[in-house]
Amino acid sequence: MVSGGTGGSGDGPVTVMTMAPEKTRTTNKPGMPAMAKTYARWVNKGGGINGRELNVITCNERNDSVGAAECARRAVDENVVAVVGSYSQYGRSFLSPLEAAGIPYIGGYGLTDDEFTSPNSYPVNGGQPALLAGLGRELAKNCGPVTLVRPDTIAGDGLPVLLDAGLTAGNHAEAGDLRAVEDATEYSRHAEDAIERATSDPTKKGCVVPALGDRTNTFMDSFRRIAEDYPAVRTATVLGSVDQSVINATGRTYEGAYVTGWYPASSDARWDAMRDVIQKEAFGDNRIDASDAGVQTTWIAYTVLEKTIESLGDGEVSARTVRRALDDGLKIETGGLTPTLSWAFQDLIAASGFPRVINSNVTFQVVRDGQLVAARKGFTNVSRILENAG
């Protein structure tokens, strides 16, 4: 197997890993490793990065802590330069082996607090913390009682605090916290409980916020049937639980729903470069959906990797030199998909609970006529809410 580190000759392959859950009973993100392979094919057809071939290893972390740790140990054994554009809710399981080996974790999905505390983590978005804080701030303007439906998992345990931070920033009462089994096949009881809580104030329309990853759609099936017997409530969620592909498959289930995202809406022209690469290098691969937040995050993470390696010129490319370049304040542009990214100390926000956050911007979107569209122009920064939550 090719070593991840290369010497100064400038022509040795660079090996990285992308890991994500596939073929599990809960959340699956097959588009992320598929996008990583697609990016590598595109880069290598153009001569590689500074003449170096990009070699991508993919690993199925199976959506469990053992699988996540196994992927990390494999990354160490393969001597990868970085783990890039990946998804796992078991941050401590995979970050500990990476930290011990000095391997950077670039552009994780942002599911766990560990991704925003580990010095080896270089997040490209504000993760679930920013999405929920932003959503809470938005819902405070328009909602009566709010009910959060979230997984009964360690990762899920952090969600109520973040949503409540946004709600209270808008002078709104905290949300009701409704825990649900992550891999349930139906959610009738949870849907009924959520609606009853959201309709407890007859003077103002309440809001239900399902944040169950891939199971959000299962919840909405139950919700849609039960909601017919109750006063109207709004629904709202975060990107990753719902994207355009889900909306396309479910008719009018999400019509009018609020959604917070990290990036511009998938129809935005700033995604044209990614769509072009998918068209050329992965045409017909139905694992890759350009509207999927995981695919988008992987694209941005590999953009960071490529520009970091380019900054090293003909010098050594290794986990150590990549980390050093990022720590020294290398500034990376992503074509407007994010603000300029830089992980120098002065670029970190002052959120004690999330010290590695550098991009606390979110976008507000709404489902209109079956399409996720921008609810307002540009990004909204939620760093102050995160600082208070932390």
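Residues numbered from 1 in each chain as written. Predicted model: local features only at pLDDT ≥ 70, side-chain atom pairs only at ≥ 80, totals over all residues. Heavy atoms only, no water.

Details of the overall build of the protein
Right, on to step 1. In terms of regular secondary structure, the protein is built from 13 helices and 13 strands.
Right, on to step 2. At 20 Å, the protein has a C-alpha radius of gyration in line with the 21 Å of a compact globule built from 390 residues.
Right, on to step 3. Projecting the C-alpha coordinates of the protein onto the three principal axes gives extents of approximately 70 × 45 × 40 Å.
Right, on to step 4. The contacts in the protein between residues at least 6 apart in sequence include a share of 67% that link residues at least 24 apart. (Helix = DSSP H or I, 4+ residues; strand = E, 2+ residues; numbered from the N terminus. Rg over C-alpha atoms; globule rule 2.2 N^0.38 Å. Contact = heavy atoms within 4.5 Å.)

Structural notes on the environment of Glu255
Right, on to step 1. Mapping Glu255 onto the fold places it in the loop between helix 9 (244-249) and strand 10 (258-261).
Right, on to step 2. Each C-alpha atom of the pair Glu255 and Lys23 lies 29 Å from the other, and the pair is 232 residues apart in sequence.
Right, on to step 3. Apart from the residues lying within four places of it in its own chain, the contact partners of Glu255 are Val367, Arg368, Asp369 and Gly370.
Right, on to step 4. At 2.9 Å, the side chain of Glu255 and the backbone nitrogen of Gly370 are in polar contact. (Polar contact = N/O pair within 3.5 Å; in protein donor to acceptor, adjacent residues only side chain to side chain.)

Quick look at a negative patch on the surface
Right, on to step 1. The grouping of Glu192, Glu196, Glu228 and Asp229 at the surface amounts to a negative patch.
Right, on to step 2. Of note, Glu228 is situated in the loop between helix 8 (216-227) and strand 9 (234-238).
Right, on to step 3. Exposure remark for Glu228: the relative accessible area of 66% places this residue in the exposed category. (Patch = residues over 30% accessible without salt bridge, like charges linked within 9 Å, V, L, I, M, F, W, Y side chains within 5 Å. Areas by Shrake-Rupley, 256 points an atom, 1.4 Å probe, with all protein chains shown as cover. Salt bridge = Lys/Arg side-chain N within 4 Å of Asp/Glu carboxyl O. Lys, Arg positive; Asp, Glu negative; His and termini not counted. Charge placed at Lys NZ, Arg CZ, Asp CG, Glu CD. Buried < 20%, exposed > 50% of the residue type's maximum accessible area, 1.4 Å probe, protein only.)

What about the UniProt feature "domain: Leucine-binding protein" (unreviewed entry) in the protein?
Right, on to step 1. Sequence positions flagged by UniProt for "domain: Leucine-binding protein" (unreviewed entry) are, in local numbering, residues 30-334.
Right, on to step 2. Each end of residues 30-334 is marked by a C-alpha atom, and these two atoms are 23 Å apart; helix forms 45% of the span and strand 12%. (UniProt positions renumbered as here; feature names shortened; annotations may be inferred.)

Some thoughts on unusual backbone geometry
For residues besides glycine, phi is generally negative; the peptide bonds are generally trans as well.
Right, on to step 1. One non-glycine residue, Asn79, lies in positive phi territory at about 55 degrees.
Right, on to step 2. Relative to the assigned elements, Asn79 resides in the loop between helix 2 (65-77) and strand 3 (83-84).
Right, on to step 3. One non-glycine residue with positive phi stands out, namely Asp369, at about 50 degrees.

A word on the pairing of strand 9
Right, on to step 1. The buried count for strand 9 comes to 4 of 5 residues, which makes it a mostly enclosed element.
Right, on to step 2. Strand direction decides the pairing type here: strand 8 (residues 207-210) and strand 9, joined by 2 bridges, are parallel. Opposite Val208, over in strand 9, you have Thr235 as the bridge partner.
Right, on to step 3. After leaving strand 8, the chain enters helix 8 and then returns to the sheet as strand 9, a path that is right-handed.
Right, on to step 4. When strand 9 meets strand 10, the two strands line up parallel, connected through 3 bridges. What sits directly across from Ala236, in strand 10, is Tyr258.
Right, on to step 5. Read as a crossover between parallel neighbours, the route from strand 9 over helix 9 to strand 10 is right-handed. (Pairing = 2+ DSSP bridges. Right-handed = clockwise from strand over helix to strand, strands pointing away.)

So, the state of the cysteines
Right, on to step 1. Inspection of every chain in the model, using the stated rule, returns 2 disulfides.
Right, on to step 2. Disulfide pairing places Cys59 opposite Cys71 at an S-S distance of 2.1 Å. Looking along the S-S bond of the Cys59-Cys71 disulfide, the torsion reads about -90 degrees, which is the left-handed sense. In this pair, Cys59 is assigned in strand 2 (residues 54-60) and Cys71 in helix 2, connecting sequence segments 12 residues apart.
Right, on to step 3. Judged by its relative accessible area of 11%, Cys59 is buried.
Right, on to step 4. Taking only the cysteines that form disulfides and numbering them from first to last, the protein has the pattern 1-2, 3-4. (Disulfide = S-S within 2.5 Å.)

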